[in-house]
Amino acid sequence: MWKKTDDEPTISAAPRPQSRAAQPAAVASLGPSIFIKGDLTGEEDLIIRGRVEGEVRLKDNNVTVGESGKIKADIYGKSIRVEGQVKGNLYGGQEVVIRASGRVQGNIVSPRVTLENGSKFKGAIDMEPAGEGKSSITKPSPQIPVAAKPGAAAAGSKPASASSTP
Amino acid sequence: MGPSSPSSPATGEETSHHQSLALGLLVRRLSDGRRRRVLDLGPAIGANVAFFASLSCRVHIADLHQSLFPPGGPRVRSEARALEDILDRDLPPAEPFELILTWDLFNYLEPKNIAAVAQRLKAFSQVGTSLLALISTRKELPDRPTRFEVHDSQHLIYDVESPLLRPAPRYKEPELSRALAGFEVESSFLLRNGIQEYLFSYSGC
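Participant: Could you clarify how one ought to interpret the overall build of chain A in this entry?
Facilitator: A tally of regular secondary structure across chain A gives zero helices and 13 strands. Of the regular secondary structure in chain A, the N- to C-terminal order runs β-β-β-β-β-β-β-β-β-β-β-β-β. Counting over 166 residues, chain A shows a buried share of 46%. Summing over all exposed atoms, chain A offers an accessible surface of approximately 8,300 Å²; the carbon and sulfur share of this is 51%.

So this is what it looks like as structure tokens:
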């Protein structure tokens, strides 16, 4: 159904294959000029660089919203990466990653959520899906080097005074 | 990232940090494993979401900073009408939260606008809801709100996004209490780095 065109960026812009099986899955692509109004379902990984209004259901596959992608829909995927714009809820079975260029307005439900420095997000984040125990917490991306910040682990400013009322 | 030292965020340094006694108090309160809801009025920061999620909290990010202080836009959009529009758009549907994080937002609002925000926040509060506010006690502060990032249960890292400074209102407790009607000061911690941390509690009145 999805035709990959030659002038599109290479697969290197696609999701990192960290969670994939040894045999690479097929990756379909929606080009920047494509506009789909309706639901999207399938059984292969998908890169969306165009516009989609509807619902994206690829529960067992990876979904990437490219930088030029504009989605007004809920997205269901195994791993969801957002580099473009999404207005809708994201349901990631394994993880949701909002890249630095990503803009998301909606809610995220996933056991692992990464918000890269520079990303914009408004909505609720639920990292403890029903039926699971304590969340698996994803540390911020390398672009948010919390632990690497110099002096961070050292003692901070000592309180000059502390009061408690009443 | 620039150099770091445990000094004031108002000195123009890019990254700094401080020991947060208010955060420590909140963490002790949130560590009983109960599921809670947190309303974060600041920007989406991965470390903060991860931290509160580790305490079984569901976090809702409103990012008023982005709307009130858009990049390249006017420094402070404090007009009452603009503020109301932003609150209408950015705040979630009314539901009670156990913790509201305002960070240093109130340093950038006039008392009447703090009161307008507080009035809205009542819809998201229940008796006992905690509200964290970081108020500058220095004469000047960065001209844009600071990104506060939870480093651990006792330390906050802050990124100062602008080298420009502006006069700080240096709100005192009585002014804040008047503006935040319905919320009562539960604890306050004056830190040497020019920040006074306040924990308010919603009384329902």
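Participant: Could you clarify how one ought to interpret the pattern of salt bridges in this entry?
Facilitator: Any two side chains of opposite charge can pair if their charged atoms end up close together. Taken as a whole, this structure holds 15 salt bridges over all chains when the rule is applied. For Arg58(B), the salt bridge is made with Asp126(A), and the minimal N-O distance between the two is 3.7 Å. Here Asp126(A) lies in strand E12 (residues 120–126) and Arg58(B) lies in strand E4 (residues 57–61), a pairing that spans two chains. On the accessibility criterion, Asp126(A) (15% relative accessible area) is buried. Residues Asp90(B) and Arg89(B) are paired through a salt bridge, measuring 3.1 Å at the closest nitrogen-oxygen approach. Salt bridges linked by common partners bring Arg81(A), Glu95(A) and Arg112(A) together as one network.

Participant: I would appreciate a short explanation of the packing of aromatic side chains in the present structure.
Facilitator: For any pair of aromatic rings, the description consists of the separation of the ring centres together with the inter-plane angle of the planes. Evaluated as defined, the whole model comprises eight aromatic pairs over all chains. Here the aromatic cluster, defined as three or more aromatic residues joined through ring pairs, consists of Trp103(B), Phe148(B) and Tyr158(B). Seen from the ring of Phe35(A), Arg51(A) lies directly overhead, with NZ or CZ sitting 4.1 Å from the centre. The aromatic ring of Tyr76(A) is capped on one face by Arg57(A), whose charged end is 4.1 Å from the ring centroid.

Participant: What is the right way to look at the nonpolar core in this model?
Facilitator: Side chains of a nonpolar character, in soluble globular proteins, are inclined to be buried together. Judged by nonpolar contacts, the single largest core of 56 residues is most densely connected at Ile75(A), Leu90(A), Leu115(A), Ile125(A) and Phe52(B). A per-element tally of this core places helix H1 (residues 21–30) of chain B first, with six residues. Excluding anything up to four places from it in sequence, Leu90(A) contacts Ile75(A), Ile80(A), Val82(A), Val96(A), Ile98(A), Val104(A), Asn107(A), Ile108(A) and Val109(A). Within the second largest apolar cluster, 36 residues are counted, among which are Leu41(B), Leu83(B), Leu105(B) and Ala118(B).

Participant: Looking at this model, I keep getting lost on the environment of Lys122(B). Mind explaining?
Facilitator: Residue and element names in this part refer to chain B. Position of Lys-122 among the secondary structure elements: in the loop between helix H5 (111–121) and strand E6 (130–136). On the accessibility criterion, Lys-122 (23% relative accessible area) is partly exposed. Expressed as a C-alpha distance, the spacing of Lys-122 and Phe-183, which sit 61 residues apart in the sequence, is 8.8 Å. Dropping the residues within four chain positions of it, Lys-122 is found in contact with Ala-181, Gly-182, Tyr-202 and Cys-205.

Participant: Looking at this structure, I do not really get the side chain of Thr129(B). What am I missing?
Facilitator: Residue and element names in this part refer to chain B. With respect to the helices, strands and loops of the structure, Thr-129 is situated in the loop between H5 and E6. Exposure remark for Thr-129: the relative accessible area of 1% places this residue in the buried category. Polar contacts involving the side chain of Thr-129 include one to the main-chain carbonyl oxygen of Phe-97, which spans 2.7 Å.

Participant: Sorry, what's going on with the pairing of strand E12 (residues 195–202) of chain B here?
Facilitator: Residue and element names in this part refer to chain B. Burial runs high along E12: eight of the eight residues are buried. Burial along E12 is two-sided: Ile-195, Glu-197, Leu-199 and Ser-201 and Gln-196, Tyr-198, Phe-200 and Tyr-202, pointing in opposite directions, are all buried. Two strands pair when backbone bridges link them, and E6 and E12 are joined in this way by seven bridges, in the antiparallel orientation. Residue pairing across strands places Leu-132 opposite Leu-199, the latter belonging to E12. As judged from the seven bridges shared by strand E11 (residues 183–191) and E12, these two strands associate in the antiparallel manner.

Reading the values: rules and limits
Residues numbered from 1 in each chain as written. Chains lettered and ligands numbered in written order. Predicted model: local features only at pLDDT ≥ 70, side-chain atom pairs only at ≥ 80, totals over all residues. Heavy atoms only, no water. Helix = DSSP H or I, 4+ residues; strand = E, 2+ residues; numbered from the N terminus. Buried < 20%, exposed > 50% of the residue type's maximum accessible area, 1.4 Å probe, protein only. Areas by Shrake-Rupley, 256 points an atom, 1.4 Å probe, with all protein chains shown as cover. Salt bridge = Lys/Arg side-chain N within 4 Å of Asp/Glu carboxyl O. Phe/Tyr/Trp six-rings, centres within 6.5 Å; stacked < 30°, edge-to-face > 60°. Lys NZ or Arg CZ within 6 Å of the ring centre and 35° of its normal. Core = buried A, V, L, I, M, F, W, Y, C linked by side-chain atoms within 4.5 Å. Contact = heavy atoms within 4.5 Å. Polar contact = N/O pair within 3.5 Å; in protein donor to acceptor, adjacent residues only side chain to side chain. Pairing = 2+ DSSP bridges.

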